[in-house]
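Listed below are the residues making up each chain.
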Amino acid sequence: MVRRSLWVLLILAMAAAAFGRDYDFRLLTYDEVNKLRQSSLVDRIKIFDGVLDRYGDQLQHDIQMLNYQKMAATANDLEAVMDYVLEDIRACTENEKLRNNKVLRKFEISVRRDISLLNGLQRALPYAWREKLDPPIRKMVYGRRQL
């Protein structure tokens, strides 16, 4: 019985390694998840660049419409997406060949632009809601420093 359960665990671990990382369909669109699963590390960074831009636009729209509850939910989703981004950034910085890649430099510039956008949006919020944007900003700053 123990031997059979070990085999089942081994098969499940191999299946998880074969399919790569599980992405949350609540955070990413179906097309983005399919592209992320099929892409190389550098191509995933390009896809995440578009995802971060989409979340920035959504935050900006929520704040303009004075929908602060939705803004807080979007900020939480952005923070969760940043966990995926930070994993890929870590993998890129560990690889000697990818450290000085042109795509990573462009992504660093894009993250810097997104950070300044979020800082501006945070200043536009009422004081009671400003702290909701702190976690994604902190993760973006950390990711940028890693690049």
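Described below are features of the structure shown in this document. (Residues numbered from 1 in each chain as written. Predicted model: local features only at pLDDT ≥ 70, side-chain atom pairs only at ≥ 80, totals over all residues. Heavy atoms only, no water.)

This part covers the packing of aromatic side chains. Counting across every chain of the model gives three aromatic pairs. Ring geometry for F25 and Y30: centres 5.9 Å apart, planes at 25 degrees, overall stacked. Owing to a relative accessible area of 56%, Y30 belongs among the exposed residues under this scheme. (Phe/Tyr/Trp six-rings, centres within 6.5 Å; stacked < 30°, edge-to-face > 60°. Buried < 20%, exposed > 50% of the residue type's maximum accessible area, 1.4 Å probe, protein only.)

One non-glycine residue, L66, lies in the positive phi region at around 60 degrees. Here L66 lies in the loop between α3 (41-64) and α4 (68-94). (Helix = DSSP H or I, 4+ residues; strand = E, 2+ residues; numbered from the N terminus.)

A water-sized probe rolled over the atoms picks out the places where empty space is left. Under the counting rule described, the total for this entry stands at one cavity of 30 Å³ or more. Reported here for the largest cavity is a volume of approximately 30 Å³. Taken together, L52, Y55, G56, L78, D114, L117, L118 and M140 make up the lining of the largest cavity. Only α3 and α5 (102-124) provide two or more residues apiece to the lining of the largest cavity. The class makeup of the residues in the lining of the largest cavity is six nonpolar, one polar and one charged. (1 Å grid on protein atoms, 1.4 Å probe; cavity = no way out; pocket = protein on both sides within 12 Å on 5 of 7 lines; lining within 4 Å. Points joined across faces, edges and corners; volume = space filled by probe spheres on them. Nonpolar A, V, L, I, M, F, W, Y, C, P; charged D, E, K, R; others polar.)

Counted under the stated rule, the structure contains twelve salt bridges. Put simply, D24, R26 and D77 are held in one network by salt bridges that share partners. (Salt bridge = Lys/Arg side-chain N within 4 Å of Asp/Glu carboxyl O.)

Our next topic: the environment of A124. In this fold, A124 is placed in helix α5. Residue class for A124 comes out exposed when judged on its relative accessible area of 53%.

Take the side chain of R44 next. Its place among the elements puts R44 in helix α3. Classification of R44 as buried rests on a relative accessible area of 17%. Excluding residues that lie within four positions of it along the chain, R44 makes contacts with R21, Y23, L36, S39 and D88. (Contact = heavy atoms within 4.5 Å.)

The next subject is helix α2 (residues 30-38). Within the sequence span of α2, burial applies to E32, V33 and L36. Down the axis of α2, the sector holding all buried residues measures 100 degrees, keeping them to one side. Exposed side of α2, more than 90 degrees from the buried face: Y30, D31 and Q38 are the residues found there. Elements that come into contact with the buried residues of α2 comprise α3. (Arc of directions from axis to C-beta.)

Once that is clear, we can look at the nonpolar core. The biggest cluster of nonpolar side chains holds 38 residues, and the ones touching the most others in it are L28, L52, L59, V81, L133 and M140. For this core, the secondary-structure elements that each account for two or more residues are α2, α3, α4, α5 and α6 (134-146). Looking at which element gives the most residues to this core, the answer is α4, with eleven residues. (Core = buried A, V, L, I, M, F, W, Y, C linked by side-chain atoms within 4.5 Å.)

For the pair α3 and α4, interaxial distance at closest approach is 10 Å and the crossing angle is 165 degrees. With respect to α4, the element α3 is oriented roughly antiparallel. Along this stretch, α3 crosses α4, giving a crossing that reads as left-handed. Of the residues in the contact of α3 with α4, the class split is 18 nonpolar, two polar and five charged. (Axes fitted to C-alpha atoms, helices over the stretch in contact; angles between N-to-C directions. Parallel < 35°, antiparallel > 145°, perpendicular 65-115°, else oblique. Left-handed = near helix turned anticlockwise from the far one by under 90°.)

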